[in-house]
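An overview of the molecular structure
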Amino acid sequence: MVSKDKIEGYMRFLGFQGCISNDNGKIWCFWKNICHTIVSTNDEQHITIKIEEGSSNITTVITAVYAKCTSRERKDLWSSLENDNNGINGPWCIGGDFNIFLEPDVKLGGNPHKMSKSLDFMNCMDNCGMTDIGFSGAKFTWCSDHRPLLMKCFDKTNNHIKYFRFLNFWTKQDDFLNIVKEGWDTHISGNNIWRLQAKLKLLSRKLSQWSRESIGDIQSNIIKWEEKIQSLEEMGIINNTEADKSKTNKAHAEYIRWIDMQEFLNTQKANIKWFGDGDRNTSYFHSLLREKRRKLQLDRIKNHKGK
């Protein structure tokens, strides 16, 4: 562990007023007095600091990472970050040297990267709700004995990288297999590993585009069909024709189809977000869906006179 005198010497030399190092002295953090800081986690592979700037009540959380070199050792890091996530409700930024990456094209030279080695990292970032904010500058920062990282904060929303997540309810859609076949049949040159990675990347883009264009926002469609059912039922009370009944039944079927999609999606999210809470939250969202289904049941029928 780095001595307190040594890190405080660098702090004064650099013009900061606060500092800390992690347990093994490989991560150093410095800050100025305009920030009120609380160190919430300090271990071998990362430091997590909560920062309040000036008179604002907004707390920003910064995590500095210097990960171990082996997958087995990094498992402690992923577990600790997911544990941090449970206590963070505001803005959170994680950065540093993870000793692993999410995209194969950030590797230069050597043997092709096996994406299976990145799965733990991917799952951790996904479970913590993280997205890649992108960068400008050199792609391979280690080429000149590492380089400093400057992060700027803006009020505006910037376009960031969203990593692909497979949605289970896609497999229930009629044209899903056609999209998969179209992507998988695309000709790509290279060795087997490279072709597999390239096809998976291409397929993820095709599925994401297809989902946006063909399915869209599930909740918006549920609201749309709820309103349509209400309108058709009101019209059916007035007209009471077979055609009206047929339209209403079809609308109910379409509404249930969207409810099913939402249930698939919520179940998948439950496995990720609420795993630590056991069955409590799972039971809760299932009760909401059962209530929606209950509202679709017909307890009695009125004629055009309201009887």
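A brief structural summary. (Residues numbered from 1 in each chain as written. Predicted model: local features only at pLDDT ≥ 70, side-chain atom pairs only at ≥ 80, totals over all residues. Heavy atoms only, no water.)

Points about the overall build of the protein
Let me state the cut-off plainly: Each helix is a run of H or I in the DSSP string that is no shorter than four residues. Each strand is a run of E no shorter than two, and both are numbered from the N terminus. Accessibility here uses a 1.4 Å probe with only protein chains present; expressed as a share of the type maximum, an area under 20% marks a residue as buried, one over 50% as exposed, and anything in between as partly exposed. For every accessible area listed, the method is Shrake-Rupley and the probe measures 1.4 Å; residues are considered covered only by the protein chains on display.
When you go through the protein residue by residue, the secondary structure sums to eight helices and six strands. When the helices and strands of the protein are placed in sequence order, the string is α-β-β-β-β-β-α-β-α-α-α-α-α-α. Taking all 307 residues of the protein together, 27% fall into the buried category. Here the protein displays about 21,400 Å² of accessible surface, and carbon together with sulfur accounts for 52% of that area.

What to know about a nonpolar patch on the surface
This is how it is decided: To count toward a patch, a residue needs a relative accessible area over 30% and no salt bridge; like charges are then connected within 9 Å, while nonpolar side chains (Val, Leu, Ile, Met, Phe, Trp, Tyr) are connected within 5 Å. Salt bridges are defined by distance alone: a side-chain nitrogen of Lys or Arg within 4 Å of a carboxyl oxygen of Asp or Glu.
Together, Tyr10, Phe13 and Leu14 line one region of the surface with nonpolar side chains, adding up to about 370 Å² of accessible area. Note that leucine 14 resides in helix α1 (residues 4-14). Residue leucine 14 is classed as partly exposed on the basis of its relative accessible area, which comes to 47%.

Quick look at the packing of aromatic side chains
Put simply, the rule is: For this analysis, a ring pair means two rings from Phe, Tyr or Trp (six-membered ring only for Trp) whose centres lie within 6.5 Å, classed as stacked if their planes differ by under 30 degrees, edge-to-face if by over 60, and tilted for the remaining angles.
If you walk through the whole model with that rule in mind, you get 10 aromatic pairs. Ring geometry for tryptophan 28 against phenylalanine 30: centres 6.3 Å apart, planes inclined by 70 degrees, an arrangement best described as edge-to-face. With a relative accessible area of 23%, phenylalanine 30 lands in the partly exposed category. With a centroid separation of 6.2 Å and an interplanar angle of 50 degrees, the aromatic rings of phenylalanine 176 and tryptophan 210 are classed as tilted. With phenylalanine 176 in helix α4 (residues 176-184) and tryptophan 210 in helix α5 (residues 192-215), this residue pair connects regions lying 34 residues apart in the sequence.

A closer look at the nonpolar core
The following threshold applies: Put simply, a nonpolar core is a bunch of buried Ala, Val, Leu, Ile, Met, Phe, Trp, Tyr and Cys residues held in one set by side-chain atoms that sit within 4.5 Å of each other. Any two residues whose heavy atoms approach within 4.5 Å are treated as being in contact.
Counting residues in each nonpolar core, the largest one holds 20 residues, and the members touching the most others are Phe169, Trp170, Leu207, Trp210, Ile215, Ile218 and Trp258. Going through the elements one at a time, α4, α5, α6 (218-239) and α7 (242-273) are the ones with two or more residues in this core. Counting residues per element, this core draws most heavily on α7, at six residues. Setting aside anything within four residues of it in sequence, one finds leucine 207 in contact with Phe164, Phe166, Trp170, Phe176, Ile179 and Val180. Listed in part, the 17 residues of the second largest apolar core include Val65, Ala67, Ile88 and Leu102.

Brief notes about the pattern of salt bridges
Within the structure shown, the criterion is met by six salt bridges. Between arginine 257 and glutamate 254 there is a salt bridge whose closest N-O contact spans 2.8 Å. You can see arginine 257 and its partner glutamate 254 sitting in helix α7, three residues apart, about one turn around the helix. The partly exposed category is assigned to glutamate 254, whose relative accessible area is 22%.

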